[in-house]
Amino acid sequence: MQLLFLLFFAIWLAAMPRYAAVAQPVPEYGFAKYALRGQPASSLGTNVVNHIRYSESARRIWLAGRNGLVYTDDGGATFHTITAIRRFNENGIQALDVRGQRIWASSSRLTERDGRRFPTGDGLMFSSDGGRTWRELAQPLDQPGDSVERYGINVLRALPITVPQQNVIYDIALGTRDSSVWVATWSGGIRRTQNNGQSWQRMVLPPTGRQRIAPTDTLSFRLEPRRGAQGDLVFLGFSVLQASDGAVWVGTVDGICRTDEPEALYPSWVKYNRTFGGLSGNWVIAIREQAATARRARAIWAASWRAESGQENFGVSWTRDNGETWRTALLGERIYDFAFRGDTVYAVGTNGLFISPDGGETWLNRRSIRDALNPRKFIRAQAEFYALCFEPFGTNGRLWLGSEDGTALSTDGGNSWQIFRADLATDEKTKTYAYPNPFAPRIDGVTRIRYQLSRPASVTIRIFDFAMNPVRTLIQSQLRPAGEDEDVWNGQSDTGVRVANGVYFYSIEIAGEAPLRGKILVLE
């Protein structure tokens, strides 16, 4: 299932005067169909992981997704779920950052009014002691009277963002000071706190047509996110990074803005986009830093999407000279995240994993992610890949990959994988089930038929239509080990024809035992 914010840029440009903000994409991440929760406490608990971060001080991997915040200290042998604030488990995590002992995460939910659904910011949770204790914060909002914003010698008119609707925190960057945090809040723009969320400052950025601003400039524009024909795209915030040199880079729908004065009361900013610098596109989904190597300078990488101009393109953009010049690659690809190991760049998006062993010069595409020990365990080809993280460990390190259809771990740079999936355990009452169900072959790719064997046995699985006519034999007399197992159906008949919508039955014939039966609703 694709992220809904991929569908129509025009949707989130629509004016929404009732909420004094711009209609924004609904980040569903396939939650409705893939919200399976594993039974064991040590399981990952979800198949949808959209952020992965590494804590160097704790040597711990943090994963954020549909069921909240999870961590592992042992390469996935065990997982532990944070349950301190239940709504973050119920609504899922929207953004995550980790620095030392500090962990910050945001959540969102959907609210309805007049029959319409609105993405709604649901606040933040944070820990200052590595996850032992947690505090929660309300969504950063303006007061109704916040109609002006001071910036140096200027007093600028501003539209106060007073409600959480269409005001979701999509990214977080923890500052170098313990109490400093930056957030990208879509219609709320880019905001900063220097006191752990007790108060927030709204950032003034260069508006359309202007590359630089400083607090000593004489300025005249309105601080207002784009809504219809009004407002400015630069005040729609989506991504943020505080780099190793202290500079803060923020991603908007009008490009990237950088400040070298992150602690200043009124930072100066310079903007890079399609016009100023040559990015592939102006909508910056993610920003990541690649450390310098013996052969290459440090790089800032951006997932730069097309916003509204026909001259823009989806792709990745990167700079090795602090923004003076930019290069582009993977044109046409919708990329969500990056990870790095030396000169090697990893990127994930709607078309899988991309690997560049030479700092962006050439790229390989890995679409098939299968478990090395069980090739029948895989991330489906149609799944979108959302998150990456490289964990320094041993000789080759660990590469973590999050998708809408499971999480994968590679210890050899992406050549082979271990797949982590959350599945409802079968039992005496539920001996078999299929998911997703209902099943849309063009969207879902496959439906997984789960079952359990008490001993190794020969297994045959057949699909029948509603009249019990044979449609497909998935496997015949195949030896399967004892325990939980699954096989997949792609919605096609034995002759390779995609089946029509309707109810289908499956039969699992186990040598020496009564067959197991279930049904699947095919619904495109």
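So, here is what we can say about the structure in this document. Quick caveat, the model's predicted, so the values are computed rather than measured. All residue numbers refer to position in the chain's written sequence, counted from 1. Given that the model is predicted, a residue must reach a pLDDT of at least 70 before its local features are reported, and side-chain atom pairs must reach 80 or more before they are shown or counted; all residues, however, enter totals for whole chains, interfaces and linings. No hydrogens and no water enter the side-chain calculation; it runs on all heavy atoms of the structure.

## What about the overall build of the chain?
Okay, so step 1: Check the secondary structure of the chain and you find 3 helices and 43 strands.
Okay, so step 2: What the globule rule says is 2.2 Å times the number of residues to the power 0.38, and the radius of gyration is computed from C-alpha atoms. A compact globule built from 524 residues should have a C-alpha radius of gyration of about 24 Å, and the chain, at 24 Å, falls within 12% of that.
Okay, so step 3: Projected onto its principal axes, the C-alpha coordinates of the chain cover approximately 85 × 55 × 45 Å.
Okay, so step 4: Within the chain, the proportion of its 524 residues that are buried is 59%.
Okay, so step 5: For every accessible area listed, the method is Shrake-Rupley and the probe measures 1.4 Å; residues are considered covered only by the protein chains on display. For the chain, the exposed surface amounts to about 20,700 Å²; the carbon and sulfur share of it is 49%. Labels follow the DSSP assignment, with helices taken as runs of H or I lasting at least four residues and strands as runs of E lasting at least two, numbered in each case from the N terminus. With a 1.4 Å probe rolled over the protein chains alone, any residue whose accessible area is under 20% of its type maximum counts as buried; one over 50% counts as exposed, and the rest are partly exposed.

## Considerations on the sheet that holds strand β41 (residues 483-489)
Okay, so step 1: Taken together, the 3 strands give an open sheet; going across it, the order is β37-β38-β41, and neighbouring strands pair in antiparallel fashion. If you trace the sheet from one side to the other, it starts and ends with β37 (432-435) and β41, each paired once. In this sheet, adjacent strand axes meet at a mean angle of 25° when their direction is disregarded. Paired strands, in this sense, are two strands between which DSSP finds at least two bridges. Fitting a line to C-alpha atoms yields each axis, with helices limited to the stretch in contact; the angle taken between N-to-C directions then spans 0 to 180 degrees.

## A short note on the side chain of T193
Okay, so step 1: Within the secondary structure, T193 is located in strand β15 (residues 190-193).
Okay, so step 2: Residues within four places of T193 in sequence aside, it is in contact with S179, S180, V181, Q198, S199 and W200. When checking whether two residues touch, look at their non-hydrogen atoms; a contact exists if any pair is within 4.5 Å.

## Digging into the pattern of salt bridges
Okay, so step 1: Salt bridges are identified by distance alone: a Lys or Arg side-chain nitrogen within 4 Å of an Asp or Glu carboxyl oxygen. In the structure shown here, the tally under the stated rule is 35 salt bridges.
Okay, so step 2: Here R296 ties to D343 by a salt bridge, and the two come within 3.4 Å at their closest N and O atoms. Of this pair, R296 sits in the loop between β23 (283-290) and β24 (299-305) while D343 sits in the loop between β27 (335-341) and β28 (344-349); the two residues are 47 residues apart in sequence, bridging distant segments of the chain.
Okay, so step 3: Residue R296 is classed as partly exposed on the basis of its relative accessible area, which comes to 22%.
Okay, so step 4: Across the salt bridge formed by R442 and E524, the nearest N and O atoms sit 3.4 Å from each other. Highlighted residues: R442 in helix α3 (residues 441-444) and E524 in the segment after β43 (516-522), separated in sequence by 82 residues.
Okay, so step 5: Here E524 falls in the partly exposed class, since its relative accessible area comes to 39%.
Okay, so step 6: One continuous salt-bridge network, built from bridges that share partners, spans R380, E404, D405, R421, R448, R450, E484 and E486.

## Comments concerning the packing of aromatic side chains
Okay, so step 1: The criterion for an aromatic pair is that two Phe, Tyr or Trp rings (for Trp, the six-membered ring) have centres within 6.5 Å, with stacked assigned to planes under 30 degrees apart, edge-to-face to planes over 60 apart and tilted to the rest. The final tally for this structure, using the stated rule, is 29 aromatic pairs.
Okay, so step 2: Here the aromatic rings of W182 and W269 are separated by 6.1 Å at their centres, their planes lie at 80°, and the arrangement is edge-to-face. Placement of W182 in strand β14 (residues 181-184) and of W269 in strand β22 (residues 269-272) is noted, with a sequence separation of 87 residues between them. Per residue, the accessibility class of W182 equals that of W269, and both read buried.
Okay, so step 3: Relative to Y336, the ring of W305 lies with its centre 5.6 Å away and its plane at 50°, an arrangement referred to as tilted. With W305 in strand β24 and Y336 in strand β27, this residue pair connects regions lying 31 residues apart in the sequence.

## Description of the nonpolar core
Okay, so step 1: We call a set of buried residues a nonpolar core when its members are Ala, Val, Leu, Ile, Met, Phe, Trp, Tyr or Cys and they connect through side-chain atoms within 4.5 Å of each other. Judged by nonpolar contacts, the single largest core of 30 residues is most densely connected at W283, W301, V316, I335, F338 and W363.
Okay, so step 2: Contributions of two or more residues to this core are made by β23, β24, β25 (315-319), β27 and β28.

## Considering the pairing of strand β35 (residues 407-410)
Okay, so step 1: Alternating positions in β35 separate into two faces, T407 and L409 on one and A408 and S410 on the other, with burial throughout.
Okay, so step 2: Sheet topology places strand β34 (residues 398-403) next to β35; 4 bridges connect them, and they run antiparallel. Across the sheet, the residue bridging to L399 is S410, located in β35.
Okay, so step 3: Here β34 folds back onto β35 in antiparallel fashion, the turn holding 3 residues, of which G406 has a positive phi close to 125°.
Okay, so step 4: In this structure, β35 lies alongside strand β36 (residues 418-420), joined through 3 bridges in antiparallel fashion. Bridge assignment links T407 to a residue of β36, and that residue is F420.

## Examining unusual backbone geometry
Okay, so step 1: Cis peptide bonds are those with omega within 30 degrees of zero, and the linkage from Y435 to P436 qualifies with -5°.
Okay, so step 2: Within the secondary structure layout, P436 lies in the loop between β37 and α3.
Okay, so step 3: Cis geometry marks the peptide bond from N437 to P438; its omega dihedral reads 10°.
Okay, so step 4: Positionally, P438 belongs in the loop between β37 and α3.
Okay, so step 5: Positive phi, normally seen in glycine, also occurs at L330, with a value near 50°.
Okay, so step 6: Here L330 is to be found in the loop between β26 (327-329) and β27.

## Topic: the sheet that holds strand β18 (residues 222-223)
Okay, so step 1: Within the open sheet, the 3 strands sit side by side as β11-β12-β18. Their pairing is mixed. In this open sheet, the two edge strands, each paired with only one partner strand, are β11 (148-151) and β18.
Okay, so step 2: Direction of pairing for β11 relative to strand β12 (residues 154-158): antiparallel, over a ladder of 4 bridges. Within the sheet, the bridge partner assigned to R150 lies in β12 and is V155.

## So, the pairing of β23
Okay, so step 1: Of all 8 residues in β23, 7 are buried; the element is thus mostly enclosed.
Okay, so step 2: In the sheet, β23 pairs with β24 via 7 bridges, with the strands oriented antiparallel. Bridge pairing in β24 places I287 opposite A302.

## Concerning the environment of S403
Okay, so step 1: Turning to its location among the elements, S403 is positioned in strand β34.
Okay, so step 2: Between the alpha carbons of S403 and G152 there is a distance of 44 Å; along the sequence they are 251 residues apart.
Okay, so step 3: If we ignore the near neighbours within four places in the chain, the residues touching S403 are N47, V48, V49, I379, E384, F385 and Y386.
Okay, so step 4: Here the side chain of S403 touches G406 through a polar contact of 2.8 Å, landing on its backbone oxygen. Identification of polar contacts relies on pairs of N or O atoms within 3.5 Å, with a donor-acceptor requirement for protein atoms, meaning one able to donate a hydrogen and the other able to accept it, and with residues adjacent in sequence counted only if both atoms are side-chain atoms.

## So, the side chain of S493
Okay, so step 1: Locating S493 in the fold gives a position in the loop between β41 and β42 (502-510).
Okay, so step 2: Filtering out sequence-adjacent residues up to four positions away, S493 remains in contact with V471, R472 and V499.

## Let's talk about the environment of E484
Okay, so step 1: As for its position among the elements, E484 is in strand β41.
Okay, so step 2: Considering only alpha carbons, one finds E484 and R327, 157 residues apart in sequence, at a separation of 48 Å.
Okay, so step 3: If sequence neighbours within four positions are ignored, E484 has contacts with A425, T426, R450, Y451 and Q452.
Okay, so step 4: A polar contact of 3.0 Å, which involves the side chain of E484, links it to the side chain of R450.

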